[in-house]
Amino acid sequence: MIEFACSDDWAFETDEFRKFSCDIALHIAANGKTQEPLVTQLFLKDPSKTVGHQFKLISNELGVKISIIQYEYFDVSKI
């Protein structure tokens, strides 16, 4: 579960943000619980870049600041 923040709500409705948010969710699901800060982790879909770099790219593309307020990883194999 991910809670995003954005300086302008219209950005949440764009196809670019929808794709980005799915990519971030996939990244978190694939990495599970890790002690390393999310922004410093190598991005699952492009390990030559960090998650933080991906945030900068989408923020620049849409012209708004996007960040994660909080996220929680749920391990469904333990439910």
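Residues numbered from 1 in each chain as written. Predicted model: local features only at pLDDT ≥ 70, side-chain atom pairs only at ≥ 80, totals over all residues. Heavy atoms only, no water.

Draft legend 1. Local environment of the nonpolar core. Formed by 15 residues in total, the largest nonpolar core has its most connected members in Phe4, Phe20, Ile24, Phe55, Leu62 and Ile66. Looking at this core, the elements with two or more residues in it are strand S1 (2-6), helix H1 (15-31) and helix H2 (51-62). With sequence-adjacent residues up to four places away left out, Phe4 is seen in contact with Phe12, Phe17, Phe20, Ser21, Ile24, Phe55, Ile66, Ser67, Ile68 and Ile69. (Core = buried A, V, L, I, M, F, W, Y, C linked by side-chain atoms within 4.5 Å. Buried < 20%, exposed > 50% of the residue type's maximum accessible area, 1.4 Å probe, protein only. Helix = DSSP H or I, 4+ residues; strand = E, 2+ residues; numbered from the N terminus. Contact = heavy atoms within 4.5 Å.)

Draft legend 2. Main features of the pattern of salt bridges. Considering all chains together, one arrives at 6 salt bridges under this definition. Two residues, Lys19 and Asp23, come together in a salt bridge whose shortest N-O distance is 3.0 Å. Note that Lys19 and Asp23 are positioned in helix H1 at a spacing of 4 residues, about one turn of the helix. In this structure Lys19 comes out as exposed when scored by relative accessible area, which is 52%. Note on Asp23: relative accessible area 11%, which makes it buried. (Salt bridge = Lys/Arg side-chain N within 4 Å of Asp/Glu carboxyl O.)

Draft legend 3. Molecular detail of H1. For H1, which comprises 17 residues, the first-to-last C-alpha distance of 24 Å matches the rise-based estimate of 24 Å (1.5 Å per residue) to within 8%. By the burial criterion, the buried members of H1 are Phe17, Phe20, Ser21, Asp23, Ile24, His27 and Ile28. One face of H1 carries all of its buried residues, which in axial projection span an arc of 160 degrees. Residues Asp15, Lys19 and Cys22 are exposed on H1 and point more than 90 degrees away from its buried face. (Expected span 1.5 Å × (residues − 1). Arc of directions from axis to C-beta.)

Draft legend 4. Structural context of the environment of Val51. The residue Val51 is located in helix H2 in this model. Residues Val51 and His27 lie 24 residues apart in sequence; the distance between their C-alpha atoms is 8.8 Å. With near-sequence residues (within four places) excluded, Val51 lies in contact with Ile24, His27, Leu38, Val39, Gln41 and Phe43.

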